[in-house]
Amino acid sequence: MLSEALVEIRDVNFAYDSRPILKGINMSFPKGRLIAIMGLSGCGKTTLLRHIGGVLKPTKGYVKVDGQVIHELDQDGLYRMRRKMGMLFQFGALFTDMTVFDNVAFQMREHTDLPEEIIRDLVMMKLHAVGLYGTQNLMPAELSGGMARRVALARTIALDPMLIMYDEPFAGLDPISLTVVGQLIRRLNDALGATSIVVTHDVQESLKIVDYIYFVSDGAIIAEGTADDIRASGEAFVHQFVYGEMDGPIPFHYPAGDFNLDLGVKDQRGAA
Amino acid sequence: MPIARGLRGIGARVVNGVWRIGFGARFFMMTLFYSGMSFRRFRLTVRELFFTGVMSLIIILVAGLFVGIVLGMQGYETLKRYGSESALGTLVALSLVRELGPVLAALLFASRAGSAMTAEIGLMKATEQISAMEMMAVNPIARVVAPRFWAGVISMPLLAAMFSAMGVFGGYMVGVVMIGVDEGSFWSQMQSAVDFQHDILNGVIKSLVFGVAVTVISLFEGYDAPPTAEGVSGATTRTVVQSSLAILLLDVILTAFMFRGD
């Protein structure tokens with residue numbers, strides 16, 4: 001990773017009450033790259049994104065975006081920084097009382113003084129970029145899951161952000177939509193010259209498009225590298241995760257007492 | 001130790017209640033602080049006025065008419081015993097303008113518009129629309145909450161006035177048209193008995209206070225709702241219960257200040 005880092009995460013620790021979620025995380029996201037953070041549900045991936053977006057403050061360490069420590073910014077500073085970021089939420093989070101057009105135009109109207117004619121042209125360009133030109137008058141309820149995700153993507157890139165974050169962008173998509181969204185993430189990153197962070201547990205799709213991967217388990221990084229490094233990883237958890245094996249470091253059975261004891265086919269001393 | 005556990009449970013509920021009152025007060029102050037956008041971009045407030053005010057009109061007008069009709073019938077029965085049927089207009093108007101108009105309109109407003117506001121904001125939170133707005137550097141208190149707050153505060157006195165007007169019309173229909181009370185005395189006694197400052201203005205103040213209370217409770221409950229189906233449903237229920245109790249409690253306090261000794 002040679003180019004300059006847009007996002008730096010240094011020794012970030014975070015806990016909800018006394019329950020640690022992140023334990024000494026160090027990551028670097030160079031400009032122009034598309035990087036994935038992978039791991040099981042609940043391992044702290046989305047919490048990391050929330051730290052980058054300034055929604056959460058680390059209990060120790062810091063997150064720097066574009067040279068500024070996020071948790072030290074006041075509200076105005078944080079909002080100025082967020083105007084340079086875009087975030088795609090897991091299920092799109094489109095505003096359900098607005099049309100597709102108004103959703104994509106939302107940030108332009110809120111943050112710029114552009115005349116409506118220019119906003120219209122920009123919205124159409126963004127919709128065309130995600131292959132949904134012509135849907136501008138539809139309401140979010142009239143869209144399929146894949147289309148909603150693409151509209152949300154168009155909204156995310158409305159102000160050409162320098163940093164785009166994706167929170168589980170592939171969740172619940174059919175194979176065609178999944179490929180479309182995956183390719184769009186890659187193309188938009190390259191076309192905009194942005195830096196993208198994809199939080200996902202969809203291994204196959206993300207390994208096709210990303211430049212680098214961080215593997216997180218139980219709040220700590222356990223592996224990192226390119227897609228080929230990850231595929232060839234000797235780390236047992238990574239291997240189980242990438243190849244979707246049923247048993248391994250993550251056991252199939254929930255850790256509970258002996259089932260045979262519960263059924264009464266074995267006594268306390270273990271005799272059958 | 002069941003007693004200790006019980007005491008801990010009570011303590012936790014009290015502490016939680018005090019926390020929520022604190023959060024609610026902070027939420028209210030932030031709503032006022034970030035109200036600038038509601039006036040600079042007044043169309044946002046007008047849109048909410050339509051949903052909270054105009055869409056509540058039918059239930060308010062129908063309920064006002066029914067209450068006026070019942071007041072006319074009951075009032076006539078009582079007044080007839082004392083030979084004062086001609087005071088029916090006064091009775092109907094004062095009852096509505098001072099009490100029933102603001103209180104019943106606010107209770108209906110809480111059930112119809114308040115619960116809708118809570119559910120809408122709760123669902124916006126559950127579907128991450130509020131988080132998305134924050135990540136787009138748009139303050140949801142300024143963009144979502146404040147316009148709804150001002151729409152509620154503006155529409156409440158107008159709805160209460162329409163409730164009272166419809167109630168007076170209902171009383172007129174029963175008293176004058178159906179029973180045959182003298183029309184002249186119905187209106188003239190009402191005109192001489194109802195004082196603008198003492199009755200109408202105090203009624204407007206009441207409905208304004210109720211409007212603030214109901215809208216703040218509804219918006220806070222929605223904003224604070226756990227982002228689950230159960231959380232939103234619980235918040236909607238709390239809105240109706242807390243708003244109704246707040247309206248009745250505030251009515252007692254305001255009435256004690258406004259009408260004592262009259």
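See the structure above.
Residues numbered from 1 in each chain as written. Chains lettered and ligands numbered in written order. Predicted model: local features only at pLDDT ≥ 70, side-chain atom pairs only at ≥ 80, totals over all residues.

Asker: So what about the overall build of chain A? Which residues, and what values?
Answerer: The secondary structure content of chain A amounts to 10 helices and 10 strands. Seen along its three principal axes, the alpha-carbon backbone of chain A occupies a region of about 80 × 40 × 35 Å. Out of the 272 residues in chain A, the part that is buried amounts to 38%. In chain A, once contacts between residues fewer than 6 apart in sequence are set aside, the share between residues at least 24 apart is 64%. (Helix = DSSP H or I, 4+ residues; strand = E, 2+ residues; numbered from the N terminus. Buried ≥ 20, exposed ≤ 12 C-beta atoms within 10 Å, placed from the backbone. Contact = placed C-beta atoms within 7 Å.)

Asker: Explain the overall build of chain B to me, and be specific about the residues and the numbers.
Answerer: A count of helices and strands for chain B gives 10 helices and zero strands. For chain B, the succession of helices and strands along the chain, N to C, is α-α-α-α-α-α-α-α-α-α. Dimensions of chain B, computed from the C-alpha atoms along their principal axes, are close to 65 × 55 × 30 Å. When each of the 262 residues of chain B is scored for burial, the buried share is 45%.

Asker: Describe in detail the nonpolar core, supporting the description with residues and values.
Answerer: Ranked by internal contacts, the top residues of the largest apolar core, which has 130 residues, are Ile-52, Val-151, Met-165 and Ile-197 of chain A together with Ala-105, Ala-106 and Phe-109 of chain B. It is helix α5 (residues 88-126) of chain B that provides the largest number of residues to this core, a total of 18 residues. Each residue touching Phe-109 of chain B, except ones within four places of it in the same chain, is listed here: Ser-56, Gly-114, Met-156, Leu-159 and Val-214 of chain B. (Core = buried A, V, L, I, M, F, W, Y, C linked by C-beta atoms within 7 Å.)

Asker: Describe the interface of chain B and chain A, listing the residues and the values that go with them.
Answerer: Contact with chain B, which involves nine residues of that partner, is made by 12 residues of chain A. A class-by-class count of the residues in the side of chain B that touches chain A yields five nonpolar, three polar and one charged. (Nonpolar A, V, L, I, M, F, W, Y, C, P; charged D, E, K, R; others polar.)

Asker: Run through the sheet that holds strand β4 (residues 60-65) of chain A, naming residues and quoting values.
Answerer: All names here are of chain A. One open sheet holds the four strands; their spatial order is β2-β1-β4-β5, and the pairing between them is antiparallel. Both outer strands of the open sheet, β2 (19-30) and β5 (68-69), are each paired with one neighbouring strand and no more. Of the strand pairs in this sheet, strand β1 (residues 5-16) and β4 are connected by five bridges, and their pairing is antiparallel. Of the residues in β4, the one forming a bridge with Glu-8 is Lys-64. (Pairing = 2+ DSSP bridges.)

Asker: Lay out unusual backbone geometry with the relevant residues and their values.
Answerer: Although it is not a glycine, Asp-66 of chain A sits at a positive phi angle of roughly 50°. Along the chain, Asp-66 of chain A turns up in the loop between β4 and β5. By the C-beta count within 10 Å, which is 16 here, Asp-66 of chain A ends up partly exposed. Positive phi outside glycine occurs at Ala-137 of chain B, with the angle close to 60°. Mapping Ala-137 of chain B onto the fold places it in the loop between α6 (129-135) and α7 (140-179).

Asker: Tell me what's going on with the pairing of strand β6 (residues 85-88) of chain A, and back it up with residues and numbers.
Answerer: Residues and elements named next belong to chain A. By the alternation rule, side chains of β6 split into Met-85 and Met-87 and Gly-86 and Leu-88, which are all buried. The pairing of β6 with strand β7 (residues 163-167) spans four bridges and is classified as parallel. Residue Met-85 lies in a different strand from β7, and its bridge partner there is Leu-163.

Asker: Report on the sheet that holds strand β9 (residues 212-217) of chain A, specifying residues and quantitative values.
Answerer: Residue and element names in this part refer to chain A. The six strands lie next to each other as β6-β7-β8-β3-β9-β10, forming an open sheet whose pairing is mixed. Whereas interior strands pair on both sides, the edge strands pair on one side only; in this sheet they are β6 and β10 (220-225). The sheet shows a mean angle of 15° between the axes of neighbouring strands, direction not considered. Of the pairings in the sheet, the one linking β7 to strand β8 (residues 195-200) comprises five bridges and is parallel in character. Looking at the pairing, Met-165 lines up with Ile-197 of β8. (Axes fitted to C-alpha atoms, helices over the stretch in contact; angles between N-to-C directions.)

Asker: Give me α5 of chain B: which residues, what numbers.
Answerer: Taking the largest bend as the criterion, α5 of chain B deviates by roughly 55°, centred on Leu-96 of chain B. Where α5 of chain B terminates, the next one or two residues include Glu-128 of chain B, which has phi positive at roughly 65°. (Bend = angle between axes of the 7 residues up to and from the residue.)

Asker: Describe the environment of Ala-235 of chain B, naming the residues involved and giving the relevant values.
Answerer: Residues and elements named next belong to chain B. With respect to the helices, strands and loops of the structure, Ala-235 is situated in helix α10 (residues 229-258). Judged by the 23 C-beta atoms lying within 10 Å of it, Ala-235 falls in the buried class. Each C-alpha atom of the pair Ala-235 and Gly-122 lies 7.8 Å from the other, and the pair is 113 residues apart in sequence. Beyond its immediate chain neighbours, meaning those up to four positions away, Ala-235 contacts Thr-118, Gly-122, Glu-221, Gly-222 and Ala-225.

Asker: Outline the packing of helix α3 (residues 100-111) of chain A against helix α4 (residues 116-129) of chain A, supporting the account with residue identities and numerical values.
Answerer: Residue and element names in this part refer to chain A. Packing of α3 against α4 brings their axes to within 9 Å, and their N-to-C directions diverge by 125°. By the angle class used here, α3 and α4 are oblique. Once α3 is placed against α4, the crossing between them reads as right-handed. Contact residues: α3 offers Phe-101, Val-104, Ala-105, Met-108 and Arg-109, while α4 offers Ile-119, Leu-122, Val-123, Lys-126 and Leu-127. (Parallel < 35°, antiparallel > 145°, perpendicular 65-115°, else oblique. Left-handed = near helix turned anticlockwise from the far one by under 90°.)

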